[in-house]
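The primary structure of each chain is shown beneath.
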Amino acid sequence: MRKNWKTKLIHPDAHAPEGFRSLSMPTYRGSTVLFPNAAAVEDTWDQHEVGYTYGLYGTPTTLELAARICELEKGYRTFITPGGQGAIALINIAFLKAGDHVLVPESVYTPNRKFALAVLRRFGVEVTFYPPTIGAGIPALFRNNTRLVWCESPGSITMEVQDIPAIADATHRIGAMVALDNTWAAGVYFDAFAHGVDVTMQALTKYVGGHSDLLLGSITVRDEAAYKRLGATHQLVGCAASPDDCSLALRGMRTLAVRLRAIEASALELARWLAERREIELVLHPALPSCPGHELWKRDFTGSAGLFSIVFHQQFTKQQVLAFVDTLELFKIGYSWAGVTSLAVAYDFHSTPNRPDYGARIVRLNIGLEDVEDLKADLTRALETMNG
Ligand SMILES: *Cc1c(COP(=O)(O)O)cnc(C)c1O
């Protein structure tokens, strides 16, 4: 066919040579996916079964990331979502309906709590918050309509490690499901499916991304039934992840092991060192005996991350704690974590119901990849101003 130059802009005859092989996964962007003929056109989400049909359901870049997260978590299949919170919302929407009852730990990531309160309740789902350390006591909270039990271990900010096998065991006995936020363990330090979890999610924004420059989430399921249910819902809520972000996450994965190892060592050293400081009452790091559920961490986890909290002694005011955070120089102030930069955020628990009595004396630290002696010096300087 003869083509005008304007047509050639869209349908060129010229092409780069083929056969390029490199070590990195290309970034496949695309909404439209081409079908071989008119009869082959169909809108089906399960790209594993029918091949590629539409960009919303994943491009090779998205599905490569999904497959590799799934491999690490030892699940059946994984979905990639535009963020960790999107993964939480999708799990709730896929597995709950009006009239159901869901159990959520009091230590859960705050937007997960808010989704339950603001959205699930509005759609007629009953929500109960439970103490994260409840373990085998969870049946006391079951109702006839309990369908889903959320877990997050360790919990956000207060770091309680949960007895997941005990909770899963009880939950399965009433035919309900267990969903786990496995972000702290980066999907690797806690083998969720071996401990009875049915569906996991992670904020890939955190350790998999690892550089504070992307937002992504994942949902991994144990079996085909959960996969079908999530896939059908994922299709209709239309939350597709960007292949560009997935490409960054695939790059992040290659260095995940070395980053985790370095961060674990620094965080442990700083946590133990902070535990000796007279300003500090409590270090909430799962690998330290002072953390609620430490024995469960020892039993069930294979490593620890760089996120932990410190609680100052009663004598310190909120202003002194805020001043401590403000005095830090290497530790920056900001949400999200698991990047290469150390962070510090102070919390005030006075208005959150049923939380430990930490008041406004709790600070969460994210340990990055700076030299640990420099971090110690930064902390020392900030601690010393508190006594002045
Ligand atoms: C950050 C975080 C999320 C949410 O992830 P986003 O990608 O920021 O939406 C969920 N759970 C936990 C435990 C987190 O720390």
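Structure's up top.
Residues numbered from 1 in each chain as written. Predicted model: local features only at pLDDT ≥ 70, side-chain atom pairs only at ≥ 80, totals over all residues. Heavy atoms only, no water.

Description of the site of the ligand
Lining the immediate environment of the ligand, one finds 15 residues, of which Gly84, Gln85, Asp181, Thr205 and Lys206 sit closest. A total of 380 Å² of accessible area belongs to the ligand in isolation, and the protein chains cover 90% of it. Tallied by class, residues from the shell around the ligand come to six nonpolar, six polar and three charged. (Near = heavy atom within 4 Å. Areas by Shrake-Rupley, 256 points an atom, 1.4 Å probe, with all protein chains shown as cover. Nonpolar A, V, L, I, M, F, W, Y, C, P; charged D, E, K, R; others polar.)

Some words on the packing of aromatic side chains
Given two aromatic rings, one states the distance between the centres and the angle between the planes to describe the pair. Tallying each qualifying case throughout the model produces ten aromatic pairs. Relative to tyrosine 227, the ring of tyrosine 76 lies with its centre 5.8 Å away and its plane at 80°, an arrangement referred to as edge-to-face. Taken together, the residues span a long stretch of sequence, with tyrosine 76 in the loop between α3 (60–73) and β1 (77–81) and tyrosine 227 in helix α7 (residues 224–237) at a distance of 151 residues. Note on tyrosine 76: relative accessible area 31%, which makes it partly exposed. Look at tryptophan 184 and phenylalanine 301: their rings are 6.0 Å apart centre to centre, the planes differ by 70°, and that puts the pair in the edge-to-face class. In this pair, tryptophan 184 sits in the loop between β5 (177–181) and β6 (199–203) while phenylalanine 301 sits in the loop between α10 (294–300) and β9 (307–312), placing the two residues 117 residues apart along the sequence. Among the residues examined, tryptophan 184 registers a relative accessible area of 4% and is labelled buried. Here the aromatic residues Trp45, Tyr76, Phe79 and Tyr227 are joined through ring pairs into a cluster of three or more. The lysine or arginine in question, arginine 77, covers the ring of tyrosine 76, its NZ or CZ lying 5.1 Å from the ring centre. (Phe/Tyr/Trp six-rings, centres within 6.5 Å; stacked < 30°, edge-to-face > 60°. Helix = DSSP H or I, 4+ residues; strand = E, 2+ residues; numbered from the N terminus. Buried < 20%, exposed > 50% of the residue type's maximum accessible area, 1.4 Å probe, protein only. Lys NZ or Arg CZ within 6 Å of the ring centre and 35° of its normal.)

Side note on empty space enclosed by the protein
Counted under the stated rule, the structure contains one cavity of 30 Å³ or more. Approximately 40 Å³ is the volume found for the largest cavity. Lining the largest cavity are Leu307, Gly334, Ser336, Trp337, Leu343, Ala344, Val345, Arg364, Leu365 and Asn366. When residues of the lining of the largest cavity are traced back to their parent elements, those giving at least two are β10 (343–347) and β11 (362–366). Of the residues in the lining of the largest cavity, the class split is six nonpolar, three polar and one charged. (1 Å grid on protein atoms, 1.4 Å probe; cavity = no way out; pocket = protein on both sides within 12 Å on 5 of 7 lines; lining within 4 Å. Points joined across faces, edges and corners; volume = space filled by probe spheres on them.)

Section: the pattern of salt bridges
The final tally for this structure, using the stated rule, is 22 salt bridges. Across the pair arginine 222 and aspartate 198 runs a salt bridge, and its minimum N-O distance is 3.7 Å. On the criterion of sequence distance, the pair formed by arginine 222 in the loop between β7 (217–221) and α7 and aspartate 198 in the loop between β5 and β6 is long-range, its members being 24 residues apart. Assessed through its relative accessible area of 12%, aspartate 198 is described here as buried. For lysine 298, the salt bridge goes to glutamate 295, with nearest N and O atoms at 3.9 Å. Of the two residues, lysine 298 and glutamate 295 both sit in helix α10, three residues apart, roughly one turn of that helix. With a relative accessible area of 54%, glutamate 295 lands in the exposed category. Salt bridges linked by common partners bring Asp46, Glu49, Glu224 and Lys228 together as one network. (Salt bridge = Lys/Arg side-chain N within 4 Å of Asp/Glu carboxyl O.)

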